[in-house]
Amino acid sequence: MTVGRRQLAKPRSSVVIAATALWLSGCQGMQSALDAAGPQAARISDLWWVMLAVCAAVFVLVLGVLLYAVFRSRRSDREVADPHAERRMTMAVGGAVAVTVVILFVLLIASVFAGRGLSSLSTGGALTIEVTGHQWWWEIRYADPLPSQHVVTANEIHIPVGRPVVLKLASQDVIHSFWVPNLHGKRDLIPGHLTTLSLQADRPGVYRGQCAEFCGYQHALMAFMIVAEPADAFSAWLDQQRRPAAQPVDDMQRRGQEVFLSSPCMMCHTIRGTPAGGKVAPDLTHLASRRMLAAGTLPNTPGALAGWIIDPQNLKPGNKMPAHHFDPAELQALLAYLVSLK
Amino acid sequence: MAQVGEAGVAVAFDDSDRQALEQTWRSPTGLWGWLSNADHRAIGKRIIATAFLFFLLGGTLALLMRAQLARPESRFLGPDLYNQIFTIHGTTMMFLFAVPIMQGLGVYLVPLMVGTRNIAFARLVAFSYYLFLFGGIMLYVAFLLNIGPDVGWFSYVPLAGPEYGPGKRADFWAQLITFTELSSLSIAVALIVTIFHLRAPGMSLNRIPLFVWSILVMSMMVIFAMPSVMLASTMLIMDRLVGTHFFNPAEGGDALLWQHLFWFFGHPEVYIIFIPALGIVSSVIATFSRRQIFGYTAIVLSLVSTAFMGFGLWVHHMFATDVPQLGQSFFTAASMMIAIPSGVQIFCWIATLWGGRPRLQTPLLFVLGFFFVFVLGGLTGVMLAAVPFDLQVHDTFFVVAHFHYVLIGGAVFPLFGGLYYWCPKITGRMLSERVGRWNFWLLFVGFNLTFFPMHQLGLEGMPRRVYTYLAEMGWDRLNLLASLGAALIALGVVVFIGNVLWSYRHGAIAVGNPWQAGTLEWATNSPPPPYNFLHMPTISGREPLWECNAEQPIVTGLRHNIREVLVTNVLDAEPDHRTRLPGPSIWPFFTALAVSGLFVGSIFTPWAVPVGSIPITGALIGWLWPSEKDHQDQLAMEE
C-alpha cells in the first residue's frame, strides 16, 4: 500500500486519534458485524449506521440542553417566577415528546424495512446444509438424495459464493446459537424446535462464527469457520468430502490406523471406510482437510493435534473428549495416520 | 376518635406525651430484641445495609471476571469457576442487591414521606428481611462449597434441567429465586397498603411525593411479575427433583416455555429496579432545583404507563428463537414505545432544572451522571428493539454494555445520589461533599471506561458469557481497557464506603431538613425518633415544608400508650378510622427460619415439603397467637 501525499499532509493530531482508534479496535475483521460479506449483514450494518447517526444526534442534543439548563446564568430570582416561563416549558416539553415519537416512528420503519430485506433473500436454487449443535462442537451435513453422497463434517462449512444457503438448525443437547457476524445475525438451535437461517456470501473468504447462547463449560470455545469459495472450488471440495477416508499408504500410517481402531477413539469418532463409526463426536474422515481443530480453537497442525489428543482437558477444560495415554511411538503413528486423512 | 385539630394544639403536647410515645414505639434491646424488632427504620436500614453488602460481593465477582478477561486465553479462572461467578454476579445484582435495596429505601422512607409512624404489616416486613438474608447466605455458602449455580442468572433449560445440569447447582439458584421473590412480594404488599391507607390527611393521590409513587408502581409490578418467575423456578425444581417434564421436549414439554415465563418476569424486573430510581431522581431534582417538579402529573402517568408497557416486551429477549415475524414486529414496536414515557420524564426533569436554581451538590451530580449514562443506554435500547440489529448483537458484549448503561446508569447512579441525599436523615450525619465529588468522578469515569468499549466488542463479534477468547480475535485491548475501568469503579465504591464510615463518626451533625427539601421525611429530626413525628402531620400541598403554613393542622386524638395510627382512604387520604399497628415479635424470625428450612431442604428431597410444613405451622401459630397486651390494647381501643 502506498501512502499518498495528502495523507501525509494531515495534521498530526488526527494521525494520533486514528492510531489510537486502530489500537483500540484491533484490526481483525473475520468475526465482525461491521465488515459485511453478504447481503443480510450489509443491510443490518446499514441499519446500524442509520440508528447510530440518529441516536448520536439525540444524545448530543438532550445532554446539551440538560447542561445548558443546569449551568445557564440566571439574572435574578424573579425570572423563575415568570408565569410565561412555565407555559413555554410546557410547549417545549410537548414539542420534545412529539419529536421523540416521530424519531421512534422513523426508526421503527427503518427496522421493519431492514427486516423485510433480510427475509427477502430468494431461496430458489439454494444449497441446504444441516447444522446440529453439540456441546461444544458443530456437526455439518450436506444431504443428498443418494445416501452414499451424504457429506458429514464438523466445525467447517463450505459454501459457494453468490448462492443462497439455507441452514437447517437443530440441537442435540442444550440451546446453542449459530452466528456468523460477517454474513447474518444469529439464530438459536433449540432442542425440539427446528429453525432455519438463510444467508449468502458475496465475496470469497473465511468467516468465523461462534456459539452465541450460553451452553455450558466450553461455550467460549465453540466456534466454526465458514469458507466461502467460488462455485467450482466448492464442488471440488464437496466431491472430495464425499469420498471415503484415504487408505494408509505406508507402514507408519497403517500402524496409526491400527492404533486408532484399537483405542477408545473409535467409540466416538467415525472414519468412513473403516470400522470406526462412533456418532457422538466429530467425523474424522477428512480431518486433515479442515483448517482448525477443537471447534475453531487450535490451528490444524500435527503439533496441536498431538497436544489435543494427549491432553484435551487442559486445552478445553470440561469438554467431552477424555485424555488417552499413548506411548510416543503409538502417538507418532496415530498422528501420521490422522494427518493423512485429507 | 382521631381528629384534625388546630396547629395551636401543638403546645398542649408536653414532655410526658413525648415520653409516652417514646415508651410505646421504642425498639426492644438486646439480641432477642434485635431479632424481634419490627420498626420500619430498623428493618429498612438492615435491608439497605445487607443489600449493599451483596452489592460489594457481586462487585467483587465482577472484578474477578474482569481480571480473567483482561488478557486473552488467561488461566486465572477456569470455565467452571467463571460460569459460577458470572451466574452469581448476575443473580446477586438482580435479586440480592437491586430489588432489595430499592425496597429497603421504600421501607425506610415511605412511612416518613407519607407521615405515619410505622409501615403496615411491619412483622411481615421483618419476616421478609430474614428470608432475604437467609436466601443470600444459602447462595454464597453453595458458592464457597464450589457447588454454586453455573447456568446463568437466566438458567435456560435444558442446560439447567435434570439432564444437562447435574448436581444441585441449578437447584440452589431456583430456591434462591423462591426466597427472594417471596420476600419481595411480602414487602411489596406492605408498601402498597402503607401508601394506600396510612397517608397523612390531605395527601390525596395527586399530592403523593414522586418517590412514593415510584415505590407504589414498583410494588404493583412486583406483585404481577414475581409469581411468574416463582412458578417457573418451581417448575424447574420439580423437573429436577421429582421428574416432571415441563421443559423436556422429549416428553411433550417445551424448552421455550421457560424463556417465556422467565422473561415475562425478567423484563419487568428491569423496570422494578429502575422505577424507584426514577423516584429518587425526581426527589433530588426538585430539592436541588429549589422548585416544584415540572409536570408532576405527566411524570406519574409515565411511571404507570412504563409499568404497563414493561409487561408487553419480554419477547425482545427471544428474537433469535423461532418467534414468528409478525409477533416480532409487535414486540419491536412495544419496545420502542417504552422510550416515550422515559423521554417524557427526562424532558420534565430538564424543564425543572431549567426553571429552577440548581445547586450542584453531590446528589445532583449523581443525577446528572444518571442523565448521561441512562440516556446513552436508553438509546442503545431503542437500537436493540430493532429485530435485524438485535439479531447481530443479541447475546454479545453490546448487550452487556447496554444493560449496564441502563441498570447502573438508571438505578445505581440515582441510588448513590439518593444515599448522599437521605444518608443525613438515616444516620444524622452529613456525608462529605468533597469526598462525594471524588466518589462521583471515579465512578463516572470508571463506569464509562469499563462499559463503553463493550459496545465495540459486541459489534466485533465477542459473545457474552465466555470465560476466555483467543488472542487472534483482536479483542484484547478493549478488554484490557474495560478491566482497568473496573478498577476505577471499585476505587469509587471504596471512597463511598470510606465517606459513610468517616461521616458516621466525624461528619457534620445533620439538622432535620439539611437540604431545605419539601417533603415530609424532612419534617422530623435526623435520625427520626422511634415514633417518626411528634405531631402527626396533615398536608395541603405537594411540598408541605415549602408551604410554610403556620396554621397547618395536626392530627390529634391518637392514644400515646398504644401503637395507634390513623387510617385514611385511598383517593383523598381523608381520615377513616384508627388502627393499632403490631409491636415487636420474635415469631417472624422463627417463621423465616422454618420457611428457610423447607426451601433449603426441598433442594435435596421432596419430603422437605410435608415435613418442613410442620415447623412453619408451629411458627405461624406462635405469630398469630394473641398476647395479653394485644388483648388489653384492643379493649382500650374499644372503650
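Residues numbered from 1 in each chain as written. Chains lettered and ligands numbered in written order. Predicted model: local features only at pLDDT ≥ 70, side-chain atom pairs only at ≥ 80, totals over all residues.

Structural notes on the overall build of chain B
Piece 1. Looking only at helices and strands, one finds 20 helices and 5 strands in chain B.
Piece 2. For chain B, whose C-alpha radius of gyration is 25 Å, the value lies close to the compact-globule estimate of 26 Å for 639 residues.
Piece 3. Within the span of chain B, comprising 639 residues, buried residues form 61% of the whole.
Piece 4. Relative to all contacts within chain B whose residues are 6 or more apart in sequence, the contacts with residues 24 or more apart total 81%. (Helix = DSSP H or I, 4+ residues; strand = E, 2+ residues; numbered from the N terminus. Rg over C-alpha atoms; globule rule 2.2 N^0.38 Å. Buried ≥ 20, exposed ≤ 12 C-beta atoms within 10 Å, placed from the backbone. Contact = placed C-beta atoms within 7 Å.)

Brief notes about the overall build of chain A
Piece 1. Scanning chain A from N- to C-terminus turns up 11 helices and 12 strands.
Piece 2. When the 342 residues of chain A are sorted by exposure, 37% land in the buried category.
Piece 3. Long-range contacts, defined here as pairs at least 24 residues apart, represent 66% of the contacts in chain A between residues at least 6 apart.

Overview of the sheet that holds strand β8 (residues 195-199) of chain A
Residue and element names in this part refer to chain A.
Piece 1. In space, the 5 strands of this open sheet follow the order β3-β2-β1-β5-β8, with mixed pairing throughout. Edge strands, defined here as strands with exactly one partner in the open sheet, are β3 (151-154) and β8. Direction aside, the axes of adjacent strands within the sheet are offset by 25 degrees on average.
Piece 2. In this structure, strand β1 (residues 127-134) lies alongside strand β5 (residues 165-171), joined through 7 bridges in parallel fashion. When the sheet's bridge partners are listed, valine 131 is paired in β5 with leucine 169. (Pairing = 2+ DSSP bridges. Axes fitted to C-alpha atoms, helices over the stretch in contact; angles between N-to-C directions.)

Re the interface of chain B and chain A
Interface size is often expressed as the accessible area that is lost when the parts come together.
Piece 1. Taken together, the contacts link 73 residues of chain B with 69 residues of chain A.
Piece 2. For the side of chain B that touches chain A, the element with the most residues is helix α11 (residues 339-355) of chain B, which contributes 12 residues.
Piece 3. Split by residue class, the side of chain B that touches chain A holds 45 nonpolar, 18 polar and 10 charged. (Nonpolar A, V, L, I, M, F, W, Y, C, P; charged D, E, K, R; others polar.)

Comments concerning the confidence of the model for chain A
Residue and element names in this part refer to chain A.
Piece 1. Here chain A shows a mean pLDDT of 88. Residues at 70 or above account for 89%.
Piece 2. Averaged pLDDT values for the elements of chain A fall to 40 in helix α1 (residues 5-9) and rise to 97 in strand β6 (residues 176-178).
Piece 3. Note on residues 1-11: pLDDT is under 50 here. Beyond four places in sequence and across chains, it has 2 contacts.
Piece 4. Here residues 23-27 is a poorly scored stretch, pLDDT under 50, and it has 10 contacts once near neighbours within four places are set aside; other chains count. (pLDDT = per-residue confidence, 0-100.)

Things to note about the nonpolar core
Piece 1. By size, the foremost hydrophobic cluster in this structure holds 302 residues, and its most contacted members are Val110, Val125 and Val212 of chain B.
Piece 2. When residues no more than four places from it in sequence are discounted, the contact partners of valine 212 of chain B are Val110, Met113, Val114 and Ile195 of chain B. (Core = buried A, V, L, I, M, F, W, Y, C linked by C-beta atoms within 7 Å.)

Examining helix α5 (residues 122-144) of chain B
Residue and element names in this part refer to chain B.
Piece 1. In a regular helix each residue adds 1.5 Å, so 23 residues correspond to 33 Å; α5 covers 33 Å between its end C-alpha atoms and thus fits that length.
Piece 2. Where burial is concerned, most of α5 is hidden: 17 out of the 23 residues are buried.
Piece 3. A positive phi of about 60 degrees marks asparagine 146, the residue just after α5. (Expected span 1.5 Å × (residues − 1).)

Details of the environment of methionine 321 of chain A
Residue and element names in this part refer to chain A.
Piece 1. Among the secondary structure elements, methionine 321 is positioned in the loop between α10 (312-315) and α11 (328-339).
Piece 2. In the structure, methionine 321 is positioned 284 residues away from alanine 37 in sequence and 34 Å away in space, judged by C-alpha atoms.
Piece 3. Methionine 321 has contacts with Ala281 and Pro312, leaving out every residue within four places of it along the chain.

A look at the sheet that holds strand β4 (residues 156-160) of chain A
Pairing between the strands of a sheet comes from backbone hydrogen bonds, and it takes one of two forms, parallel or antiparallel.
All names here are of chain A.
Piece 1. Pairing is mixed across the open sheet formed by 3 strands, whose spatial order is β4-β10-β9. Edge positions in the open sheet fall to β4 and β9 (205-210), since each of these has one partner strand only. The average undirected angle you get between the axes of adjacent strands in this sheet is 25 degrees.
Piece 2. For β4 and strand β10 (residues 223-229), the ladder comprises 5 bridges, and the chain directions are parallel. Counterpart to isoleucine 157 in the pairing with β10 is isoleucine 226.
Piece 3. Strand contacts of helix α6 (residues 231-242): β4 and β10, with the helix running at about 135 degrees to β4, the strand carrying the most contacts.

Considerations on the confidence of the model for chain B
All names here are of chain B.
Piece 1. Considering every residue of chain B, the mean pLDDT works out to 93; 98% of them sit at 70 or more.
Piece 2. Taken as a whole, residues 5-11 scores under 50 in pLDDT and shows 13 contacts with residues more than four places along the chain or in a different chain.
Piece 3. As a predicted assembly, this complex carries a pTM of 0.93 together with an ipTM value of 0.92.

Some words on the environment of glutamate 258 of chain A
Piece 1. Looking at the element boundaries, glutamate 258 of chain A is found in helix α7 (residues 251-262).
Piece 2. In sequence terms glutamate 258 of chain A and alanine 246 of chain A are 12 residues apart; their C-alpha atoms lie 14 Å from each other.

Things to note about the packing of helix α4 (residues 79-114) of chain B against helix α8 (residues 255-289) of chain B
How two helices sit against one another is set out by the angle between their axes and by the gap between those axes.
Residues and elements named next belong to chain B.
Piece 1. At a closest axis distance of 9 Å, the pairing of α4 and α8 adopts a crossing angle of 40 degrees. When you trace α4 past α8, the crossing you get is left-handed. Of the residues in α8, those in contact with Met94, Ala98, Val99, Met102, Leu105 and Gly106 of α4 are Glu269, Ile272, Ile273 and Pro276. (Left-handed = near helix turned anticlockwise from the far one by under 90°.)

A few points about the pairing of strand β4 (residues 564-568) of chain B
Residues and elements named next belong to chain B.
Piece 1. As defined by bridge partners, β4 adjoins strand β5 (residues 575-580) across 5 bridges and the pair is classed as antiparallel. Pairing of threonine 568 across the sheet is with proline 575, part of β5.
Piece 2. Where β4 folds back on β5, the antiparallel hairpin that results is connected by 6 residues, among which alanine 573 adopts a positive phi of roughly 55 degrees.

Let's talk about the packing of α7 of chain A against α11 of chain A
Residues and elements named next belong to chain A.
Piece 1. The contact between α7 and α11 brings their axes to 7 Å, and the two run at 100 degrees. By the angle between their axes, α7 is roughly perpendicular relative to α11. When α7 is examined against α11, the residues Met252, Gln253, Arg255, Gly256, Gln257, Val259 and Phe260 are found in contact with a partner set consisting of Glu330, Ala333, Leu334, Ala336, Tyr337 and Leu338.
Piece 2. Across the contact of α7 with α11, the residue classes tally to 8 nonpolar, 3 polar and 2 charged. (Parallel < 35°, antiparallel > 145°, perpendicular 65-115°, else oblique.)

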